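Observations on the three-dimensional arrangement
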Amino acid sequence: MLIQSLLAIALTSAFIAGTRTLRESAKPGPDLARDARRTPWATAVLFVVIATLSVIQILDPALLLLLCRDASLIAAGEWWRLATSVLVQDGGVAGGSFNLLSLLLVGGVAEFLWGTRRWICIVVVGVLLAQTVARTWQPNGAGNSMINFSLAGAVCIACLARCQIRPALVAAFLALGAAGLLCLLRDIHGAAAACGAATGLVFIELDRYRQRQRLARQK
């Protein structure tokens, strides 16, 4: 129950922080995506892919065994499971529905804040690093929640770097705090959020460096 509560707090708080940041940032600065108001097509495409596989999985449960994360099989050479395990669900219809809804909400906000290319980078880096941790903490499993938490971590970093509204900042800290507790509990969702936050920090610092360079050339 504790872990489930922390999962809900982290995702909900990240979504609130992200939406408040978007409202405040009608014209995003250089540390946010320049195409912030475009359609989040990457989120939409990934949602359709995972939703389709989820329906197929209901009709043919063997698909889960074929694509899920299994540390022993990965060690035997089936490395593709590191990627495919986020495309199927191990939480049944209820868990899969929650994961897909979270992807739409948190993923859409993250893509508005960071832009499509960086959204993809956050997902790839977050999943690969978190999957490495998962082989020790939770060697068997599946679900796109790892993607959701990677994006949630990056959303919180964007909020802390850009937003000045106290409720949004509180929500971002609350989400990161919940993710930190998940890490202490050796839950892979906390690790995914940490990876997403770290990737977001890299982008923030890169943008600030480029801005300093532009200012220096203008002098």
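Sequence order as written defines the numbering, with residues in each chain counted from 1. At least 70 in pLDDT is required for a residue's local features to be given in this predicted model, at least 80 for side-chain atom pairs to be given and counted, and no such filter applies to totals for whole chains, interfaces and linings, which use all residues. Only hydrogens and water are set aside when side-chain values are computed; all heavy atoms of the structure are taken into account.

For helices the rule is a DSSP run of H or I covering at least 4 residues; for strands it is a run of E covering at least 2, with both sets numbered from the N terminus onward. Broken down by element type, the protein chain carries 10 helices and two strands. When the helices and strands of the protein chain are placed in sequence order, the string is α-α-α-β-α-α-α-α-β-α-α-α. Here the C-alpha coordinates of the protein chain stretch approximately 60 × 35 × 30 Å along the principal axes. Categorising residues by exposure relies on relative accessible area from a 1.4 Å probe, with only protein chains included: less than 20% of the type maximum marks a residue as buried, more than 50% marks it as exposed, and the intermediate range marks it as partly exposed. Split into buried and exposed, the 219 residues of the protein chain put 48% on the buried side.

Once that is clear, we can look at the pattern of salt bridges. When a carboxyl oxygen of Asp or Glu is within 4 Å of a side-chain nitrogen of Lys or Arg, the pair counts as a salt bridge. Throughout the structure, instances matching the rule amount to three salt bridges. The salt bridge involving E78 is made with R81; its shortest N-O contact spans 2.6 Å. Across the pair R118 and D207 runs a salt bridge, and its minimum N-O distance is 2.6 Å. Of this pair, R118 sits in helix α7 (residues 116-137) while D207 sits in helix α10 (residues 188-218), and the two are 89 residues apart along the sequence.

We now examine the state of the cysteines. Here, a disulfide means two cysteine sulfur atoms that sit within 2.5 Å of each other. Under the criterion given, the structure shown has zero disulfides. With no disulfide of its own, C159 has C163 as its nearest cysteine by sulfur position, at a separation of 4.6 Å. Classification of C159 as buried rests on a relative accessible area of 0%. With no disulfide of its own, C195 has C183 as its nearest cysteine by sulfur position, at a separation of 8.2 Å. Exposure remark for C195: the relative accessible area of 13% places this residue in the buried category.

With that settled, the discussion passes to the packing of aromatic side chains. The aromatic pairing rule takes the rings of Phe, Tyr and Trp, using the six-membered ring of Trp, and pairs them if the centres are within 6.5 Å, calling planes under 30 degrees apart stacked, those over 60 edge-to-face and the rest tilted. Here the structure, examined in full by the defined rule, presents one aromatic pair. With a centroid separation of 5.9 Å and 45° between ring planes, the pair formed by W114 and F203 is classed as tilted. Separated by 89 residues along the polypeptide, W114 in helix α6 (residues 92-114) and F203 in helix α10 bring together distant segments of the chain. A residue is classified by how much of its surface remains accessible, and F203, at 12% relative accessible area, is buried.

Our focus in this paragraph is the environment of D187. Summarising the element assignment, D187 is placed in the loop between α9 (166-184) and α10. In the structure, D187 is positioned 184 residues away from I3 in sequence and 8.1 Å away in space, judged by C-alpha atoms. We call two residues contacting when some pair of their heavy atoms lies within 4.5 Å. Here D187 is in contact with I3, L7, W137, Q138 and L182, once residues within four sequence places are set aside. Two N or O atoms form a polar contact when they lie within 3.5 Å of each other; inside protein one atom must be a possible hydrogen donor and the other a possible acceptor, and for residues adjacent in sequence the pair counts only when both atoms belong to side chains. In terms of polar contacts, D187 uses its side chain to reach the side chain of H189, at 2.5 Å.

For the rest of this paragraph, the subject is the packing of α9 against α10. Every axis corresponds to a line fitted to the C-alpha atoms, with the helix fit spanning only the stretch in contact, and the corresponding angles, defined between N-to-C directions, vary from 0 to 180 degrees. At a minimum axis separation of 7 Å, α9 and α10 run at an interaxial angle of 130°. In terms of their interaxial angle, α9 and α10 are classed as oblique. Handedness of the crossing formed by α9 with α10: left-handed. Every residue of α10 that contacts α9 at L176, A179, L182 and C183 is listed here: H189, G190, A191, A193 and A197. What sets the label is the angle itself: under 35 degrees gives roughly parallel, over 145 gives roughly antiparallel, 65 to 115 gives roughly perpendicular, and the rest give oblique. With the far helix as reference, a near helix turned anticlockwise by less than a right angle produces a left-handed crossing, and one turned clockwise produces a right-handed crossing.

To continue, consider unusual backbone geometry. Its identity as a non-glycine residue notwithstanding, R186 has a phi of 60°, on the positive side. Relative to the helices and strands, R186 is located in the loop between α9 and α10. Overall, the relative accessible area of 46% leaves R186 in the partly exposed class.

The subject of this paragraph is α6. In a regular helix each residue adds 1.5 Å, so 23 residues correspond to 33 Å; α6 covers 31 Å between its end C-alpha atoms and thus fits that length. Note on α6: the residue one or two positions beyond its end, G115, has a positive phi of about 90°. Expected helix span is taken as 1.5 Å per residue step, with the number of steps being one fewer than the number of residues.

Its location among the elements puts H189 in helix α10. Not counting residues up to four positions away in its chain, the partners in contact with H189 are L7, S145, F149 and L182.

So, on to the confidence of the model for the protein chain. On a range of 0 to 100, pLDDT expresses the predictor's confidence in each residue. Counting all residues, the mean pLDDT for the protein chain is 91, and 94% of those residues have values of 70 or more. When the criterion is pLDDT under 50, residues 27-36 qualifies, and its contacts beyond four places in sequence or with other chains add up to 27 contacts.

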